[in-house]
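# Descriptive structure summary
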Amino acid sequence: MSTITASEEQRVVDAAPKQLYIGGEWRDGSHGTLSVEDPSTGESLCEVADASPEDAIAALDAAVAAGPEWAQHPPRERGEILRRAFEEIARRADELALLMTLEMGKPLKESKAEITYAAEFLRWFAEEAVRIDGRYAVAPNGQGRLLTMKQPVGPCLLITPWNFPLAMGTRKVGPAIAAGCTMVVKPAQQTPLSMLMLAKILEEAGLPGGVLNLVTSHSSGATMGPLIADPRLRKLSFTGSTEVGRKLMEQASDNLLRLSMELGGNAPFIVFDDADLDAAVQGALIAKMRNIGEACTAANRFYVSDRVAGEFAQRLAEKIGAMKVGRGTEDDVEVGPLIDASQRGKVSELVQDALGKGARALVGGTERDGAGYFFDPTVLTDVPDDANLLTEEIFGPVAPVRGFDDEDEAVAAANDTEYGLVAYVFTRDVKRALRVAERLETGMVGLNQGMVSNPAAPFGGIKQSGFGREGGREGIDEYLETKYVAVNL
Ligand code: NAP
């Protein structure tokens, strides 16, 4: 039974801005509006502004105009604005979580967790704003002095995906504001409402007009192209698929833009025979089922020692099979719908491909009938080498389990992918844990835990999962240039 009423839902949707935010003003999009859908019903929630390429350039104009003052703005005040926004998000967490669930589909509890995670980036970077420094050194020959200073890179374009509608934004907006950069933000068209609320909250927190500009658009390529080609833009930070990331890198090469690329993943989840199996199953549930499996960090392939693989798969199937699937606003729902028909179609295709090649479904394996884009939580065993889901990002609630014989085989299988975002390792042997963590070709490793995301840690990948780090002490460096001054004494 739903605990949220339709009028409560309507109230949070109504409260979200629907226009473009440019130069401190809310204005209509020149291309009319685009519809935002509830993925659990397939029905439209509301319309938001649809920007034209000219609107996007106007947003860049505003960011460029606000740039010099913002770069000089006292770091403490930049931090205080972020801090106020952090507090406001925490205060309005319930309302923001409901809005997120409506546009993205994840269960309310998970939306609430994302709101906290997202807000923490603002708190973290509020604190980092006043820690930007340089260094002073005596030249090796003792004659001159070497001075370095860090300065904001300038106007940035921040493009974010739909799977974490707020956190993928604050992870970029927080350090950009702290560093003294101005920006144009473009959220995914499926989930613009959470970011529109963030713009409003930052406005209310005292962020000067033009520092953050937000455009929503139904044709991101056409709208963003001219902006990326504009020589006034200095940086592009992108979170999304590797495929789009490659295209954007190509476009960014004309102006040699500074780039941060947070791209797709294909995370291996390795369980050794000495692991605490309870902890491994629990970790697997988080690594696989968080965000309905629609996370770049989602465990995509489970490699389990042959000695415990059968038991692990069985226990995982029991837990996953017992998870309640439904609309994210309903009580006790743990698995919401996938984002849209095309995403569900892709997950279905990958599962059918594996089953067709000999895999066995211990649980799930099928789409749900009726409204919304639901897919049954699935555990597959006997997954053959050539199953496409071992090489492609699944982005859904599907766990393929394979056995392995020894450590070398597990590491080789884990590294056998073009991606390199995160890997998970479960073992009680500390030496093995560190040895394997060193050998894994990923930017992050979860040791005996199924989640690595933490605003205080550097999040990011290697290989075709991209480059650059978000969060942690490293996060702000993505928005700073180092200038060296040679001092003749
Ligand atoms: P996507 O299709 O690559 O889209 C990401 C963003 O890029 C959206 O805002 C999208 O706008 C925009 N976009 C698409 N084509 C564009 C173009 N030609 N020019 C400019 N912008 C363009 O990815 P998604 O499906 O939203 O997100 C899922 C992907 O994100 C997965 O691969 C996941 O692994 C990855 N991801 C990575 C991380 C990480 O930190 N590494 C975190 C979260 C997600 P529209 O949707 O409005 O077209």
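The structure contained in this document is the topic of the report that follows. Predicted model only: the values in this text are computed from it and were never measured. (Residues numbered from 1 in each chain as written. Predicted model: local features only at pLDDT ≥ 70, side-chain atom pairs only at ≥ 80, totals over all residues. Heavy atoms only, no water.)

## Let's talk about the overall build of the protein chain
Cut-off, in case you're wondering: Per the convention used, a helix needs a DSSP run of H or I reaching at least four residues, while a strand needs a run of E reaching at least two, with both numbered from the N terminus. The reference for a compact globule is 2.2 Å times residues^0.38; the radius of gyration itself is calculated from the C-alpha atoms. Here the term buried applies to any residue with accessible area under 20% of the maximum for its type, exposed to any over 50%, and partly exposed to those in between, with areas from a 1.4 Å probe on protein chains only. Here, two residues are considered to be in contact whenever any of their heavy atoms come within 4.5 Å of each other. Residue burial considers only the protein chains on display, and all accessible areas are found by Shrake-Rupley using a 1.4 Å probe. His is not counted here, nor are the chain ends, while Lys and Arg score as positive and Asp and Glu score as negative. Here the site of a charge means atom NZ of a Lys, CZ of an Arg, CG of an Asp or CD of a Glu.
When helices and strands are tallied, the protein chain shows 14 helices and 22 strands. At 23 Å, the protein chain has a C-alpha radius of gyration in line with the 23 Å of a compact globule built from 489 residues. Burial statistics for the protein chain: of 489 residues in total, 58% are counted as buried. Counted over contacts in the protein chain with a minimum sequence separation of 6, partners at least 24 positions apart contribute 73%. For the protein chain, the computed accessible surface area is about 19100 Å², with 49% contributed by carbon and sulfur atoms. One way to put it: in the protein chain the 50 positive side-chain charges average out to a point 6 Å from where the 72 negative ones average out.

## Observations concerning the packing of aromatic side chains
Quick reminder of the rule: Centre distance within 6.5 Å is the pairing criterion for rings of Phe, Tyr and Trp, where only the six-membered ring of Trp is used; planes under 30 degrees apart are then read as stacked, over 60 as edge-to-face, and the remainder as tilted. The criterion for a charge sitting over a ring is simple: Lys NZ or Arg CZ within 6 Å of the ring centre, and within 35 degrees of the ring normal.
A complete count under the given rule lists nine aromatic pairs for this structure. On the numbers, 5.5 Å between centres and 75° between planes, the contact of Phe272 with Phe404 is edge-to-face. Of this pair, Phe272 sits in the loop between β12 (267-271) and α10 (277-289) while Phe404 sits in strand β16 (residues 398-404), placing them 132 residues apart in sequence. Both residues of the pair, Phe272 and Phe404, belong to the buried class. Positioned over the ring face of Phe459 is Arg171, at 4.1 Å from the centre of the ring. Above the face of the Tyr479 ring, Lys235 is positioned so that its terminal group lies 5.1 Å from the ring centre.

## A look at the packing of helix α4 (residues 93-104) against helix α7 (residues 193-204)
Between two packed helices, what matters for the description is the angle formed by their axes and the separation of those axes. Applied cut-off: Lines are fitted to the C-alpha atoms to define the axes, a helix being fitted only along its stretch in contact, and any angle between axes, read from their N-to-C directions, falls within 0 to 180 degrees. Any angle that falls under 35 degrees is termed roughly parallel, while one over 145 is termed roughly antiparallel, one within 65 to 115 roughly perpendicular, and all others oblique.
It is at 9 Å that the axes of α4 and α7 come closest, and there the two elements cross at 150°. Overall, the two elements α4 and α7 adopt an arrangement that is roughly antiparallel. Facing Glu95, Leu96, Leu99, Met100 and Glu103 of α4, the residues of α7 in contact are Leu193, Ser194, Met197 and Ile201.

## Here we look at the site of the ligand
Selection criterion: A molecule or strand has a residue near it when one of that residue's heavy atoms lies within 4 Å. N or O atoms within 3.5 Å of each other form a polar contact, as long as, within protein, one can give a hydrogen and the other can take it, and as long as residues adjacent in sequence are counted only when both atoms are side-chain atoms. Each cavity reported here is a set of points on a 1 Å grid over the protein atoms alone in which a 1.4 Å probe fits but cannot get out, each pocket an open set with protein on both sides within 12 Å along at least five of seven lines, and each lining residue one with an atom within 4 Å of a point. For this analysis, a molecule is said to be in a pocket or cavity if more than half of its atoms are within 2 Å of the grid points defining it. Note on residue classes: Ala, Val, Leu, Ile, Met, Phe, Trp, Tyr, Cys and Pro are nonpolar, Asp, Glu, Lys and Arg are charged, and everything else, Gly too, is polar.
With respect to spatial proximity, 31 residues lie near the ligand, and among them Thr160, Ser220, Ser241, Leu263 and Glu393 are the closest. Thr160 has a polar backbone atom sitting 2.7 Å from an oxygen atom of the ligand. Lys186 is positioned such that a nitrogen or oxygen atom in its side chain is 3.0 Å from an oxygen atom of the ligand. Calculation on the ligand without its partners gives an accessible area of 900 Å², and the protein chains cover 88% of this total. Applying the majority rule of atoms within 2 Å of the grid points places the ligand in the largest pocket. In terms of residue count, the dominant contributor to the shell around the ligand is helix α8 (residues 220-229) (three residues). Residues that form the shell around the ligand fall into these classes: 15 nonpolar, 12 polar and four charged.

## Thoughts on the sheet that holds strand β5 (residues 135-138)
Note on sheets: strands pair through backbone hydrogen bonds, and any given pair is parallel or antiparallel. Spelled out, the test is: Criterion used throughout: strands pair if DSSP finds at least two bridges between them.
Read across the sheet, three strands follow the order β5-β6-β22 without closing on themselves; strand pairing throughout is antiparallel. Of all the strands in the sheet, just β5 and β22 (480-487) have a single pairing partner and so form its edges. Neighbour-to-neighbour, the strand axes of this sheet turn through a mean angle of 20°, independent of strand direction. Judged from the eight bridges that link them, strand β6 (residues 145-152) and β22 form a sheet pairing that is antiparallel. Residue pairing across strands places Thr148 opposite Tyr484, the latter belonging to β22.

## Remarks on the environment of Leu362
As for its position among the elements, Leu362 is in strand β14 (residues 360-363). Leu362 sits 110 residues away from Ala252 along the chain, and the two C-alpha atoms are 46 Å apart. Excluding residues that lie within four positions of it along the chain, Leu362 makes contacts with Ala313, Gln314, Ala317, Val379 and Thr381.

## Overview of the environment of Leu263
Along the chain, the position of Leu263 falls in the loop between β11 (258-262) and β12. What Leu263 contacts, discounting residues up to four positions off in sequence, is Phe238, Gly240, Ser241, Thr242, Gly245, Cys296, Leu421, Gln464, Ser465 and Gly466.

## Structural notes on the nonpolar core
Filter applied, for reference: We call a set of buried residues a nonpolar core when its members are Ala, Val, Leu, Ile, Met, Phe, Trp, Tyr or Cys and they connect through side-chain atoms within 4.5 Å of each other.
By size, the foremost hydrophobic cluster in this structure holds 65 residues, and its most contacted members are Val173, Met183, Leu202 and Leu212. Discounting residues that sit within four places of it in the chain, Leu212 has contacts with Tyr21, Val173, Met183, Val185, Ala199, Leu202 and Leu207. Ranked by size, the runner-up nonpolar core spans 52 residues in total, among them Ala275, Ala284, Leu350 and Leu389.

## Examining the pairing of strand β3 (residues 33-38)
With burial as the criterion, only one face of β3 is covered, namely that bearing Leu34, Val36 and Asp38; the residues Thr33, Ser35 and Glu37 on the opposite face remain uncovered. Bridge count between β3 and strand β4 (residues 43-49): six bridges; the pairing is antiparallel. Opposite Leu34, over in β4, you have Val48 as the bridge partner. The loop that links β3 with its antiparallel partner β4 comprises four residues; one of these, Gly42, has a positive phi angle of about 80°.

## Notes on a negative patch on the surface
Spelled out, the test is: Residues qualify for a patch when their relative accessible area is over 30% and they have no salt bridge, like charges being joined within 9 Å and the nonpolar side chains of Val, Leu, Ile, Met, Phe, Trp and Tyr within 5 Å. Salt-bridge detection follows one rule: a side-chain nitrogen of Lys or Arg within 4 Å of a carboxyl oxygen of Asp or Glu.
On the surface, a cluster of negative charge is contributed by Asp306, Asp405, Asp406 and Glu409. Structurally, the position occupied by Asp406 is in the loop between β16 and α13 (407-415). A relative accessible area of 37% places Asp406 in the partly exposed class.

## Regarding the pattern of salt bridges
In the structure shown here, the tally under the stated rule is 31 salt bridges. Two residues, Arg307 and Asp273, come together in a salt bridge whose shortest N-O distance is 2.6 Å. With a gap of 34 residues between them, Arg307 in the loop between β13 (299-305) and α11 (309-321) and Asp273 in the loop between β12 and α10 connect regions that are remote in the sequence. Exposure remark for Asp273: the relative accessible area of 33% places this residue in the partly exposed category.

## Here we look at the sheet that holds β12
Judged by pairing direction, the sheet is mixed, and its seven strands sit side by side in the order β14-β15-β16-β13-β12-β18-β19 without closing on themselves. The outermost strands of the open sheet, each flanked by one partner alone, are β14 and β19 (444-447). Strand after strand, the sheet turns through a mean of 25° between neighbouring axes, direction not considered. Relative to strand β15 (residues 378-381), β14 runs antiparallel, the two sharing three bridges. Looking at β15, one finds that Arg360 is bridged to Thr381.

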